[in-house]
Amino acid sequence: MTDLGGFHDHVARVDLSEGRVDYEGVDHSDAEKYIGARGLGVKYVFDQGPDVDPMGPDNLLAFMNGPLTGTQVTMSGRIAICTKSPLTGTVTDSHHGGWSGARLKWAGFDGLLFEGKAEDPVYAVVEDGEVELRDASHLWGQGFHETRDALEEEVDGEYGKNLSVMGIGEAGENGVKYACIMNEDDRASGRGGTGCVMGSKNLKAVVVKSSTKMQKPADPETFKEGHQQAMEVIQESEVTAPNEGGLSLYGTNVLMNASEEMSGLPVRNAKYTSTKDARDDGWGDENFDAEKVSGENVRENILVDEPTCHSCPVACKKEVEVDVMHKGEELNVRTESYEYESAWALGPNSGHTERDEIALMLQRCNDHGIDTIDGGNVLAMAMEMTEEGKLDGLGEGIDWGDTEEMVEMLTKIATRETELADHLAEGHDHMAEEFDAHDNSLAVKGQSMAAYDPRCMKGMGIAYATSNRGACHLRGYTPAAEILGIPEKVDPVEWEGKGELTVTFQDMHAVSDSFDICKFNAFAEGVEEYVLQYNGMTGRDLGEEEMMKAGERIYNLERYYNNLVGFDGSDDDLPDRFVEGEGAMPGQGGVEGSLVELDEMKAEYYEVRGWVDGVVPDEKLDELDIEVGPGTGVSAGDSAAPADD
């Protein structure tokens, strides 16, 4: 690889079956075409071949940095973890913030590629350009927090200054399909079951030890210009301004009240679109109120700290402390991650708004290593199924808003302790098939939706449906335009134009995920700032159109991988309650009677993408210079069209 700023040209390929670590460079062409982090990680997974068992030894688990990770670029502390998902069967990438991504870059690596399966549990220690595998048998069966504390002492690092731990809890060890990978600050690579893949490889943790060694930009003047411009727009934004903007004051949970007011908050497994709508329909009393779990309420009552990720002036992380009664015992709980999505999934969507109990559930999820979005959603699904009698045969169920049982069930899921918990650990698609509960599932391609009701925000409907990793708000964050008016305000309940809007957001986020920087940059920055900072760091001279083309290439590579697995346009779907019949619920935000015009939006979306019924045609692959053939794990004769059922 010739010199390309932002890269060490150093990747570790770790064969866990053999206990061997080899080192290799980064393909220069791939680094230019796929940028890094998400894009380059997906390319590694693609080259491994799509025909692998997600929980088998041949599946690749890639921890990837981008060219801007760990630099002075604002909010550049993220890391991408890419693999084939055991939850969805698609390619997936899941990111977390904090400091582990930056420290991996400072330790001299662009990425870590894990394949195979260790005979006994191991953990990896990364330091000064080398990786060492060590025995983790004594850590197996422990929660993440205990594991983190033990490794801090064992590796002789100083947590919070030069040491990062990324690892799994019991959920990953026991193959919970939506298990996540946690880092030392309770940041999570939450979606897609990356922790399940890690557990299937008997890999308990990755420990990174490093001093702060930032790479210098290849073109300092261009980098300085881009960095200054980015800082200016971040400081001027009402969303991101330090100590003033909504994200800085209230974290992501600034959206709870906003979504409630516009009837965009799915409640009781999306039977309603706000807690007010539920109360007006006779469900719940005056205590069932989303405001009780909002960012404003949290800040006023239980906030104790606002730690930051690497190079971030926004400080959206909200650490809380509560004393909560559980099964007759008063527990003191201190935890991060009181996020909008988590508070919604474990709160209003599960039939309650008990703020302090949610904090306890968050702590349990973080320790067990459970994705809070899928975890909360699958509990809500079970509550609705219990109400309808679909779980009677198990002799076990869970009632709406039963917070004590929710806390216990999270632990049971992590350990697969009971028959119901064992089923719930398999996720939405399994529950739907096993109990004829398709009507109760709020998932796309097996992954549960997030805290934005598509009947109110139509862009979110097409974004959920066409997300390459299953239902997801972060593949194409249209609420930026539909709620916050960024880059400009659009009518949330109007469907026309949302296909094109979603494509733009999806490509833009593919770029930022490949840098790897936080998506909150996009509330202020645009492609102009992205290009300046990327060119300044790497020394390239990429134009704005070329940058967006790289994002399009990454998104199409992911879709092509999924096509080869067997996905097509029929999988770009939404749960029935959003598109037909009684799914049109009363709404206080002008959405009464609204359903999602999915077919119309899909037609618009596919036309903009240049896809044929959700399949990437050969001419699009050629246009985007996506290579298929020797060395890619995919034969040049392979068709993207799925096989007949």
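Scroll up for the structure.
Residues numbered from 1 in each chain as written. Predicted model: local features only at pLDDT ≥ 70, side-chain atom pairs only at ≥ 80, totals over all residues. Heavy atoms only, no water.

Novice: What exactly am I supposed to notice about the layout of surface pockets here?
Specialist: Empty pockets left among the atoms are what a rolling probe the size of a water molecule brings to light. Taken as a whole, the second largest pocket holds about 710 Å³ of empty space. The wall of the second largest pocket is formed by 30 residues, among which H438, D439, S441, P575 and D576 lie closest to the centre. Elements with a contribution of two residues or more to the lining of the second largest pocket: α17 (428-434) and β16 (443-444). Tallying contributions element by element places α17 first for the lining of the second largest pocket, with 3 residues. Broken down by class, the residue content of the lining of the second largest pocket amounts to 8 nonpolar, 7 polar and 15 charged. (1 Å grid on protein atoms, 1.4 Å probe; cavity = no way out; pocket = protein on both sides within 12 Å on 5 of 7 lines; lining within 4 Å. Points joined across faces, edges and corners; volume = space filled by probe spheres on them. Helix = DSSP H or I, 4+ residues; strand = E, 2+ residues; numbered from the N terminus. Nonpolar A, V, L, I, M, F, W, Y, C, P; charged D, E, K, R; others polar.)

Novice: Is there a simple way to think about the sheet that holds strand β13 (residues 303-305) in this case?
Specialist: What holds strands together in a sheet is hydrogen bonding between their backbones, with the strands either parallel or antiparallel. Taking strand neighbours across the sheet as the criterion, the 3 strands line up as β13-β14-β15 in an open arrangement whose pairing is antiparallel. Looking along the sheet, the strands with just one partner apiece sit at the ends: β13 and β15 (329-335). The average angle at which neighbouring strand axes cross in this sheet is 30°, direction not considered. Both strand β14 (residues 319-326) and β15 contribute to a ladder of 7 bridges, which runs antiparallel. Residue pairing across strands places V320 opposite T335, the latter belonging to β15. Here helix α13 (residues 355-368) sits on the sheet and contacts β14 and β15; the angle it forms with β15, its principal contact strand, is near 65°. (Pairing = 2+ DSSP bridges. Axes fitted to C-alpha atoms, helices over the stretch in contact; angles between N-to-C directions. Contact = heavy atoms within 4.5 Å.)

Novice: How should the sheet that holds strand β8 (residues 130-135) be read in this particular structure?
Specialist: One open sheet accounts for 6 strands, arranged β8-β7-β12-β9-β10-β11; its pairing is mixed. Across the chains shown, the open sheet's two edge strands, defined by having one partner strand only, are β8 and β11 (188-189). Sheet strands in contact with helix α4 (residues 144-154) are β7 (122-127), β8, β9 (163-167), β10 (181-183) and β12 (203-209), and its direction is about 140° off that of β9.

Novice: Any chance you could explain the environment of G610 here in plain terms?
Specialist: Checked against the element boundaries, G610 lands in the loop between α23 (598-609) and α24 (618-623). The partly exposed category is assigned to G610, whose relative accessible area is 32%. Here the alpha-carbon distance between G610 and K620, two residues 10 residues apart in the chain, equals 7.0 Å. With near-sequence residues (within four places) excluded, G610 lies in contact with P617 and K620. (Buried < 20%, exposed > 50% of the residue type's maximum accessible area, 1.4 Å probe, protein only.)

Novice: Please explain the pairing of strand β5 (residues 91-96) as it appears in this structure.
Specialist: For a regular strand, side chains alternate in direction, first toward one face of the sheet and then toward the other. In terms of burial, β5 is largely enclosed, as 6 of its 6 residues are buried. Side chains of β5 alternate between two faces, with V91, D93 and H95 and T92, S94 and H96 buried alike. In terms of strand pairing, strand β4 (residues 79-84) meets β5 through 6 bridges, oriented antiparallel. Across the sheet, the residue bridging to I81 is S94, located in β5. The antiparallel hairpin formed by β4 and β5 contains 6 residues in its connecting segment, where G89 sits at a positive phi of about 80°.

Novice: Sorry if this is basic, but what is going on with the pairing of β14 here?
Specialist: Two strands pair when backbone bridges link them, and β13 and β14 are joined in this way by 2 bridges, in the antiparallel orientation. Across the sheet, D305 pairs through a bridge with E319, a residue of β14. Adjacent in sequence and paired antiparallel, β14 and β15 are bridged by 2 residues, among which K327 carries a positive phi angle near 55°.

Novice: What is the right way to read the pattern of salt bridges from this model?
Specialist: Here the idea is simple: oppositely charged side chains can pair when their charged atoms come close. Within the structure shown, the criterion is met by 49 salt bridges. Between D93 and R38 there is a salt bridge whose closest N-O contact spans 3.7 Å. You can see D93 sitting in strand β5 and its partner R38 sitting in helix α2 (residues 37-48), a full 55 residues away along the chain. Comparing D93 with R38 shows no difference in burial state: the two are buried. Its salt-bridge partner being R416, residue D422 comes within 2.8 Å of it at the nearest N-O pair. Taken together, the salt bridges that share partners define one network made up of R38, D93, R475, D513, K519 and E558. (Salt bridge = Lys/Arg side-chain N within 4 Å of Asp/Glu carboxyl O.)

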